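Here is how the chains run, residue by residue.
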Amino acid sequence: MKIRTDIVQMYRDIHSWVGILAGLFLFVAFYAGGISVFEVPLQNWLTKPAALPAPVSVQQMPDLMQKAFAAYPEAQQEYTVVLSPTVSLPARLMWPVQAGQRHAGPVDMIAASLDAKGYLVTVKHKPSEVAHFIDELHENVGLPVFMPYSRWFMGIIALLYAIALVSGVIVFLPMLAKNLFALRLVKGAWKKWLDIHNLLGVFSLPFHVVIALSSVLFAYHGVIHNVQAMMFSAPAAIHNHHSHAEKVEHQPIAQSFPPTLAPEEIVRALQKQAPGFVPDVLNYAAADKAKQTLYVIGHDEHYMMRGPAGGLAQLDPVSGKILSTEYMPGLQSAPFSILTTFFALHFGSFGGNAVKFGYLILGLVGAFLFYSGNRLWLISRYRKEQKNGATEPGKGTKFLTRLTYGSIFGCVSGISVLISTALLTPYLGSYLSVSLLYYAVFCICLGVSFVVPDTMRVRVLGMCAVMTTLAIPLIYVCKSLVS
Amino acid sequence: MRKYTYTSQNWFAKVTAAVVPGNILTFGLVGVVGILSHADSDPRTASAQFLTWLTVLLWCIILPTCFLFSNGKRAWNYLSVSALCVWGLFFVLKALQA
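Caption draft 1: Fine view of the overall build of chain B. Of regular secondary structure, chain B possesses four helices and zero strands. From first element to last, N terminus to C terminus, chain B shows the α and β order α-α-α-α. Each principal axis of the C-alpha atoms in chain B carries an extent, and together these give about 50 × 25 × 25 Å. When each of the 98 residues of chain B is scored for burial, the buried share is 47%. Taking the contacts inside chain B whose residues are at least 6 apart along the sequence as the reference set, 83% of them involve residues at least 24 apart. A total accessible area of about 5,200 Å² is found for chain B, and carbon and sulfur atoms account for 71% of it.

Set out below in structure tokens:
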């Protein structure tokens, strides 16, 4: 394909500058994002098991709930019924220590179970923060800043990433036929990294397009909705379930909640209405004095799912009737299924573990794409300097070389140290301690990158990243041998 | 015969054009599509969510292609005039709908 050489040259300049600006942030986003595909298994792996009797059977749940609510009436405000207990959700019935918190990460929960004699046993439990921190690192492109500014910054990086994708394609198109499968590993560093970068970029392009678009959406959907609210008239027809909810409100108000169906009956009612949907968790919350809401989180491997944890359905806790199916795999309307597809393509929440492994590989390959891009940039900048008669890299090149290796190997080492430490000790309890440990390792690597001589840099930092990462399986094997 | 040669030197004016009038144009286009498809302001509806994706898609098209204007001034002029026209159309359609 022929494109004017000045246009190609212009986009080549843009591609390299946008790449160097956003590349390091995108590396962290992709590396941490690839790992975050397995956030739930990672959290289960790193969480210390709660000291509780084994979860009660589904049939015993009404008994457990009755005893727990008698002892802790405040728990009725907001509680979770766990249908498939895990290490992170170790009991059939759990409620937050502080109700009404809207927090994305793990919170202190009370987990309740019954012992062999049928007495209520409760324990305070909090899942590991490490997996959630890695996910936050992914969402904030590696920055320790807090919402909402980090989201704005992430959005800017995602827009730069979109520019890099378009410009990269325009630069590559004229040499597409010649260089598509070229991999000249022995013809000098520049050609080697160029071919690696092109190969990875072209073959993962559809994935990158999806990720770029959805990331911009995640960053700015609030702003866009606000503008839409100003542009369009107020909703004419309110959703079915809202009108239903209002009807409930006008009914004579009872002193306490109307009797809800037992979890077993809820599951049965759900199965009748949506046979393929497997409920994992039932979230109950008090909407007001007389009304409870019930949200069911579950999955259906046959369909795309809206969130990383699966789909969502609102049920009537009294009758078990499904009230909303917008985010429910299998029962969504066609427009919502299309929207769900866009989200599922970001999270990899379809097709089970095979797709999740695919997304892990795509994430790591994406991270390597940005590494190769930065490496290519540094080599070509040094080549240009050499052409102009310089004998050693200029100040700017040196600075960017140190920054690139320091932050890339710092990110890899930081995440590996977090996981190994969490395996070794249960003291990594708070989000703050997890963040401090990660950024300490990251800053040490960055410092080392600026201190060691050029010939040693990749070797020292690479060794550090490899050793901290190999420590994870090593610690795991030692731990399982000891216990 | 080429009238001009593209260069990355004038990137700043082009990018600001994509960000300021480009953004106004984007929301104008979204508004027109929204009025024609009878969307309302409830973000929970499918139509509002489709329009959000459309906004993102337009941003991701305008931003990388703004460099294809020959210079920053042209980018500002073309995008501003288009934004004005689209917003004019939006208000006309809105008045007709009411």
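We are not done yet, so read on.
Caption draft 2: Representation of the interface of chain B and chain A within the structure. The interface is formed by 39 residues belonging to chain B together with 40 residues belonging to chain A. When the buried surface of chain B facing chain A is broken down by residue, Tyr6, Ser41 and Trp53 of chain B rank first, second and third, together holding 18% of it. Summed over the shared surface of chain B and chain A, the number is zero salt bridges. Across the contact surface, chain B and chain A share nine residue pairs in polar contact (both at pLDDT 80 or more). When contributions to the side of chain B that touches chain A are tallied by element, the ones reaching two or more residues are α2 (21-36), α3 (46-65) and α4 (72-97) of chain B. Class assignment for the residues of the side of chain B that touches chain A results in 22 nonpolar, 11 polar and six charged.

Caption draft 3: Spotlight on the packing of helix α1 (residues 5-36) of chain A against helix α4 (residues 130-139) of chain A. Residues and elements named next belong to chain A. Where α1 contacts α4, the axes come no closer than 8 Å and their chain directions differ by 145°. Note that α1 runs across α4; the crossing there is left-handed. Each of Val28, Ala29, Ala32, Gly33, Ile35 and Ser36 in α1 lies in contact with α4, whose residues at this interface are Ile134, Asp135, Leu137 and His138.

Caption draft 4: Geometry of the domain arrangement of chain A. Residues and elements named next belong to chain A. Split into domains, chain A comes out as domain 1 (1-48 + 138-232 + 351-391), domain 2 (49-127), domain 3 (233-347) and domain 4 (394-483). Here domain 1 and domain 2 have C-alpha centroids that lie 43 Å from each other. Listed per partner, the contact involves four residues of domain 1 and nine residues of domain 2. The contact between domain 1 and domain 2 buries some 500 Å² in all, and 52% of this surface belongs to carbon and sulfur atoms.

Caption draft 5: Structural context of the sheet that holds strand β4 (residues 120-125) of chain A. All names here are of chain A. Reading across from one edge, β4-β3-β2-β1-β5-β6-β7-β8 is the order of the eight strands in this open sheet, with antiparallel pairing throughout. The strands lining the two open edges of the sheet, one partner per strand, are β4 and β8 (322-324). Recorded for the sheet is a direction-independent mean angle of 30° between the axes of neighbouring strands. Of the strand pairs in this sheet, strand β2 (residues 93-96) and strand β3 (residues 109-114) are connected by four bridges, and their pairing is antiparallel. Note on β3: the bridge partner recorded for Leu93 is Ala112. Relative to strand β5 (residues 278-288), helix α10 (residues 263-273) is tilted by about 115°, and along the sheet it contacts β1 (78-82), β5, β6 (291-299), β7 (311-315) and β8.

Caption draft 6: Highlighting the pattern of salt bridges. Going through the model one piece at a time under the given rule, you end up with nine salt bridges over all chains. Between Lys126 of chain A and Glu129 of chain A there is a salt bridge; the shortest N-O distance is 3.1 Å. Here Asp42 of chain B ties to Arg44 of chain B by a salt bridge, and the two come within 3.2 Å at their closest N and O atoms. Accessibility expressed as a relative area gives 8% for Asp42 of chain B, which makes it buried. A relative accessible area of 40% places Arg44 of chain B in the partly exposed class.

Caption draft 7: Representation of helix α11 (residues 334-347) of chain A within the structure. Over its 14 residues, α11 of chain A runs 20 Å from end to end, which matches the ideal 20 Å to within 8%, given 1.5 Å per residue. For α11 of chain A, the set of buried residues is Phe336, Leu339, Thr340, Phe343, Ala344 and His346 of chain A. Buried residues belonging to α11 of chain A abut α4, α8 (205-231) and α12 (352-387) of chain A together with α3 of chain B. Looking one or two places after α11 of chain A, you find Gly348 of chain A, whose phi comes out positive at around 70°.

Caption draft 8: The arrangement of the environment of Leu176 of chain A in detail. Residues and elements named next belong to chain A. On the secondary structure map, Leu176 appears in helix α6 (residues 176-179). According to the relative accessible area criterion, Leu176 is partly exposed, its value standing at 33%. Spatially, the C-alpha atoms of Leu176 and Arg12 are 15 Å apart, while their sequence positions differ by 164 residues.

Caption draft 9: Broad picture of the packing of aromatic side chains. For the structure shown, the criterion picks out 41 aromatic pairs over all chains. Seen in terms of ring centroids, Phe30 of chain A and Phe207 of chain A are 6.2 Å apart; in terms of plane orientation they differ by 80°. Their pairing is edge-to-face. You can see Phe30 of chain A sitting in helix α1 and its partner Phe207 of chain A sitting in helix α8, a full 177 residues away along the chain. What makes Phe207 of chain A buried here is its relative accessible area of 12%. Taken together, a centroid distance of 5.6 Å and an interplanar angle of 85° make the contact between Phe343 of chain A and Trp53 of chain B edge-to-face.

Caption draft 10: Inspection of a nonpolar patch on the surface at higher detail. Residues and elements named next belong to chain A. A cluster of nonpolar side chains, namely Trp45, Tyr476, Val477 and Leu481, defines an oily patch on the protein surface of about 420 Å² accessible area. With three residues, helix α15 (residues 454-482) is the single largest residue contributor to the nonpolar patch. With respect to the element layout, Tyr476 can be found in helix α15. The exposure class of Tyr476 is partly exposed, given its relative accessible area of 41%.

Caption draft 11: Main features of helix α14 (residues 431-451) of chain A. All names here are of chain A. Over its 21 residues, α14 runs 30 Å from end to end, which matches the ideal 30 Å to within 8%, given 1.5 Å per residue. Every buried residue of α14 is accounted for by Val434, Ser435, Tyr438, Tyr439, Val441, Phe442, Cys445 and Ser449. Projected onto a plane normal to the axis of α14, the buried residues spread over an arc of 155° and lie on a single side. Of the exposed residues in α14, those oriented more than 90 degrees away from the buried face are Leu432, Leu436, Ile444 and Val451. If you follow the buried residues of α14, they end up packed against α1, α4, α13 (395-424) and α15.

Reading the values: the criteria
- Residues numbered from 1 in each chain as written.
- Chains lettered and ligands numbered in written order.
- Predicted model: local features only at pLDDT ≥ 70, side-chain atom pairs only at ≥ 80, totals over all residues.
- Heavy atoms only, no water.
- Helix = DSSP H or I, 4+ residues; strand = E, 2+ residues; numbered from the N terminus.
- Buried < 20%, exposed > 50% of the residue type's maximum accessible area, 1.4 Å probe, protein only.
- Contact = heavy atoms within 4.5 Å.
- Areas by Shrake-Rupley, 256 points an atom, 1.4 Å probe, with all protein chains shown as cover.
- Buried area = accessible area lost by both parts, 1.4 Å probe.
- Salt bridge = Lys/Arg side-chain N within 4 Å of Asp/Glu carboxyl O.
- Polar contact = N/O pair within 3.5 Å; in protein donor to acceptor, adjacent residues only side chain to side chain.
- Nonpolar A, V, L, I, M, F, W, Y, C, P; charged D, E, K, R; others polar.
- Axes fitted to C-alpha atoms, helices over the stretch in contact; angles between N-to-C directions.
- Left-handed = near helix turned anticlockwise from the far one by under 90°.
- Domains from an automatic or database assignment.
- Pairing = 2+ DSSP bridges.
- Expected span 1.5 Å × (residues − 1).
- Phe/Tyr/Trp six-rings, centres within 6.5 Å; stacked < 30°, edge-to-face > 60°.
- Patch = residues over 30% accessible without salt bridge, like charges linked within 9 Å, V, L, I, M, F, W, Y side chains within 5 Å.
- Arc of directions from axis to C-beta.

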